[in-house]
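# Report on the structure
Listed below are the residues making up each chain.
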Amino acid sequence: MAMKIIKFDTISSTNIYIKEHYQELENLTCVKALHQTNGKGRLGRTWVDRNDLLFSILIKDNLYNPCDYSFLIASSIINVLQDLCPKSKAPLVKWPNDIIINDKKIAGILLEAVTIEKVECVIIGVGINTNTKDFNDELVYKANSLSNILDKEIDNDDLLDQILKQFTIDYYNYINHDKSYKENIMSHFYLMNKEVSFVYDNKNYKGIAKGMNENNELIVQTSDEVFNLKSGEVTLTNLYRKL
Ligand code: BTN
């Protein structure tokens with residue numbers, strides 16, 4: 001079944017729109033905008049766009065493990081992008097929420113939930129740097145766009161169609177207990193065997209990332225213990241290097 005798409009030219013944020021209207025919207029509705037005036041990134045950051053792909057998906061059913069959805073959408077995005085990109089520019093998932101190509105962020109995922117006693121809905125917000133050409137001094141070492149990587153303009157509607165088709169397949173597999181999205185994430189795991197720094201319980205640690213456990217927690221081996229880090233609990237530091 002094709003997903004319903006609501007399209008806006010300009011909106012504050014597609015995540016905010018769904019948060020305010022989820023009661024009257026159907027499960028698997030997608031909201032897409034050409035431009036956001038209050039685009040939101042993780043950790044309270046703003047998400048700036050210039051002719052990029054911005055959309056959110058509403059999930060109202062099958063909310064047993066809401067956090068799974070950020071990995072499910074990441075897996076769908078990886079599948080679509082790897083067909084567009086040559087092997088030397090393969091997309092990877094940087095646990096928990098970023099899509100990376102050649103060490104730079106191409107897309108971010110902002111998962112939010114509306115909770116009134118129980119989880120009422122989950123909102124999967126996705127921003128893909130499709131057509132931004134120039135990044136400011138702070139971002140140029142960390143971010144890139146598909147158009148810079150592939151050296152062509154990206155058709156946002158076409159890319160969205162492909163991602164939603166893939167996500168619909170992945171969603172129905174997921175609700176039928178197919179866990180193959182996790183294998184897909186693990187085989188495109190940007191952090192594997194990389195050194196990560198993190199803050200846990202107000203203390204700084206350093207260790208080597210060893211993958212993701214069955215609860216989608218990041219496994220990190222430090223010199224004297226193994227941590228299983230939940231995505232909401234930990235801030236990874238030092239991940240991008242100046243080139
Ligand atoms: C991140 O910080 O990496 C997450 C960025 C998520 C941005 C997208 S753009 C569409 C949706 N609406 C928002 O306000 N944010 C998400």
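For the structure given in this document, a descriptive report is provided here. (Residues numbered from 1 in each chain as written. Predicted model: local features only at pLDDT ≥ 70, side-chain atom pairs only at ≥ 80, totals over all residues. Heavy atoms only, no water.)

### Quick notes on the pairing of strand 4 (residues 91-94)
Bridging between strand 4 and strand 5 (residues 98-101) involves four bridges; their strand directions are antiparallel. Bridged to Lys94 within strand 5 is Asp98. Where strand 4 folds back onto strand 5 in an antiparallel hairpin, the turn is made up of three residues. (Pairing = 2+ DSSP bridges. Helix = DSSP H or I, 4+ residues; strand = E, 2+ residues; numbered from the N terminus.)

### Quick word on the pairing of strand 6 (residues 104-116)
Relative to strand 6, strand 5 is paired through four bridges, and the arrangement is antiparallel. For Ile100, the partnering residue across the bridge sits in strand 6 and is Lys105. Where strand 5 folds back on strand 6, the antiparallel hairpin that results is connected by two residues, among which Asn102 adopts a positive phi of roughly 45°. Turn length for the strand 6-strand 7 (residues 118-128) hairpin, with the two strands adjacent in sequence and antiparallel, is one residue, and the turn residue Glu117 shows positive phi of about 65°.

### Remarks on the side chain of Asp52
Looking at the element boundaries, Asp52 is found in the loop between strand 2 (30-36) and strand 3 (53-59). Of the side chains bearing the opposite charge, Arg50 lies closest to the buried Asp52, which forms no salt bridge; the N-O distance is 5.9 Å. Residues in contact with Asp52, not counting those within four places in the same chain, are Leu34, Ile128, Asn129, Thr130, Asn131, Thr132 and Asn156. (Buried < 20%, exposed > 50% of the residue type's maximum accessible area, 1.4 Å probe, protein only. Lys, Arg positive; Asp, Glu negative; His and termini not counted. Salt bridge = Lys/Arg side-chain N within 4 Å of Asp/Glu carboxyl O. Contact = heavy atoms within 4.5 Å.)

### Structural notes on the nonpolar core
Judged by nonpolar contacts, the single largest core of 54 residues is most densely connected at Ile59, Tyr69, Ile124, Ile128 and Phe167. For this core, the element with the highest residue contribution is helix 2 (residues 68-84), accounting for nine residues. Residues Ile11, Val31, Leu58 and Ile123 belong to the second largest nonpolar core, which totals twelve residues. (Core = buried A, V, L, I, M, F, W, Y, C linked by side-chain atoms within 4.5 Å.)

### Some remarks on unusual backbone geometry
Of the consecutive residues Trp95 and Pro96, the connecting peptide bond is found in the cis state with omega at 0°. Mapped onto the fold, Pro96 is located in the loop between strand 4 and strand 5. For Leu28, which is not a glycine, the phi torsion comes out positive at approximately 70°. Relative to the elements of secondary structure, Leu28 occurs in the loop between helix 1 (14-21) and strand 2.

### Some thoughts on the packing of aromatic side chains
Summed over all chains, the structure comprises ten aromatic pairs. Between Tyr171 and Tyr172 the ring centres are 5.2 Å apart and the planes differ by 80°, which places this aromatic pair in the edge-to-face class. For Tyr171, a relative accessible area of 1% translates into the label buried. By relative accessible area, which is 33% here, Tyr172 ends up partly exposed. Among the aromatic side chains, those forming a connected cluster through ring pairs are Tyr69, Phe167, Tyr171, Tyr172, Tyr174 and Tyr181. (Phe/Tyr/Trp six-rings, centres within 6.5 Å; stacked < 30°, edge-to-face > 60°.)

### Concerning the packing of helix 2 against helix 4 (residues 156-175)
Orientation of helix 2 relative to helix 4, taken along the N-to-C sense of each, is 130°, at an axis distance of 9 Å. In terms of orientation, helix 2 lies oblique with respect to helix 4. Considering only the axes of helix 2 and helix 4, their crossing is right-handed. Between helix 2, through Asp68, Tyr69, Leu72, Ile73, Ser76, Ile77, Asn79, Val80, Leu81 and Leu84, and helix 4, the contact on the second element is made entirely by Leu159, Gln162, Ile163, Gln166, Phe167, Asp170, Tyr171 and Tyr174. When its residues are assigned to classes, the contact of helix 2 with helix 4 shows twelve nonpolar, four polar and two charged. (Axes fitted to C-alpha atoms, helices over the stretch in contact; angles between N-to-C directions. Parallel < 35°, antiparallel > 145°, perpendicular 65-115°, else oblique. Left-handed = near helix turned anticlockwise from the far one by under 90°. Nonpolar A, V, L, I, M, F, W, Y, C, P; charged D, E, K, R; others polar.)

Taken by themselves, the reported measurements are silent on function.
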